[in-house]
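# Residue-level structure breakdown
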Amino acid sequence: VESEKQRLSEAEESVSRLIQTVAARTNEVQEAMEELERAKDEAGDGSGGGIEKTALDLKQGGLIKQASLVGGLLFGSRAFTETILVLGSSNGGDHVVSAIAQAAIALVCVGYFFFK
């Protein structure tokens, strides 16, 4: 009878420790969730508005605004590459016209994107 009482007492202590551990972990998870909410709120605030706001603005801007962003990035990178070829290649003169044309298209696209 006494050994069973001792086993029961040990089991109760074990359960008590387990309950305390669960409570501590629950508090840690709750604090982490609150910290995540604060970080999310901070990221959504401010002058920039966060990436979600930027993506939403781009989506609401329509197909023309999206195309102007893509065109500006594409033609800008191509103009940069052509400029490197103009400066670093032995036959760089062959790339001058295409570099200037692509830079002009990129500037038009970027200008439309930012000012419309």
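Quick look at the structure, then. Fair warning: this is a prediction, and the values are worked out from it, not measured in the lab.

### Re the overall build of the protein
Scanning the protein for helices and strands turns up four helices and zero strands. Counted from the first residue to the last, the protein has its helices and strands arranged as α-α-α-α. Taken along its principal axes, the extent of the C-alpha atoms in the protein is 100 × 40 × 20 Å. Across the 116 residues in the protein, those meeting the buried criterion constitute 11%. In the protein, of all internal contacts separated by at least 6 residues, the share reaching a separation of at least 24 is 49%. Accessible area for the protein stands at about 9500 Å²; split by element, carbon and sulfur atoms hold 63% of it.

### Describing the environment of glutamate 82
Mapped onto the secondary structure, glutamate 82 falls in helix H3 (residues 63-88). When the C-alpha positions of glutamate 82 and valine 110 are compared, they lie 18 Å apart, and in sequence the two are 28 residues distant. Leaving out residues up to four positions away in the same chain, glutamate 82 has contacts with His95, Ser98, Ala99 and Gln102. Within polar-contact distance, the side chain of glutamate 82 engages the side chain of serine 98 at 3.0 Å.

### Notes on a nonpolar patch on the surface
Taken together, the side chains of Val110, Phe114 and Phe115 make up a nonpolar region of the molecular surface, amounting to roughly 370 Å² of accessible area. Along the chain, phenylalanine 115 turns up in helix H4 (residues 96-115).

### Some remarks on H4
Think of an α-helix as 3.6 residues a turn; residues three or four steps apart then line up on the same face. With 20 residues, H4 should reach 28 Å at 1.5 Å per residue; the first-to-last C-alpha distance of 28 Å fits that figure. Taken together, the buried positions of H4 are occupied by Ala99, Gln102, Ala106, Cys109 and Phe113. Buried residues in H4, looked at end-on, bunch into an arc of 100°, giving them a common side. Across from the buried face of H4, at angles greater than 90 degrees, the exposed residues are Val97, Ile100, Leu107, Val108 and Phe115.

### A word on the side chain of glutamine 102
In this fold, glutamine 102 is placed in helix H4. Among the polar contacts listed, one links the side chain of glutamine 102 to the side chain of arginine 78, at a separation of 3.3 Å. Dropping the residues within four chain positions of it, glutamine 102 is found in contact with Phe75, Arg78, Ala79 and Glu82.

### What about the environment of glycine 61?
Among the secondary structure elements, glycine 61 is positioned in the loop between helix H2 (50-60) and H3. As a C-alpha pair, glycine 61 and phenylalanine 113 span 52 residues in sequence and 9.2 Å in three-dimensional space.

Criteria and cut-off values
- Residues numbered from 1 in each chain as written.
- Predicted model: local features only at pLDDT ≥ 70, side-chain atom pairs only at ≥ 80, totals over all residues.
- Heavy atoms only, no water.
- Helix = DSSP H or I, 4+ residues; strand = E, 2+ residues; numbered from the N terminus.
- Buried < 20%, exposed > 50% of the residue type's maximum accessible area, 1.4 Å probe, protein only.
- Contact = heavy atoms within 4.5 Å.
- Areas by Shrake-Rupley, 256 points an atom, 1.4 Å probe, with all protein chains shown as cover.
- Polar contact = N/O pair within 3.5 Å; in protein donor to acceptor, adjacent residues only side chain to side chain.
- Patch = residues over 30% accessible without salt bridge, like charges linked within 9 Å, V, L, I, M, F, W, Y side chains within 5 Å.
- Salt bridge = Lys/Arg side-chain N within 4 Å of Asp/Glu carboxyl O.
- Expected span 1.5 Å × (residues − 1).
- Arc of directions from axis to C-beta.

Bear in mind that shape data such as this cannot, by itself, settle questions of function.
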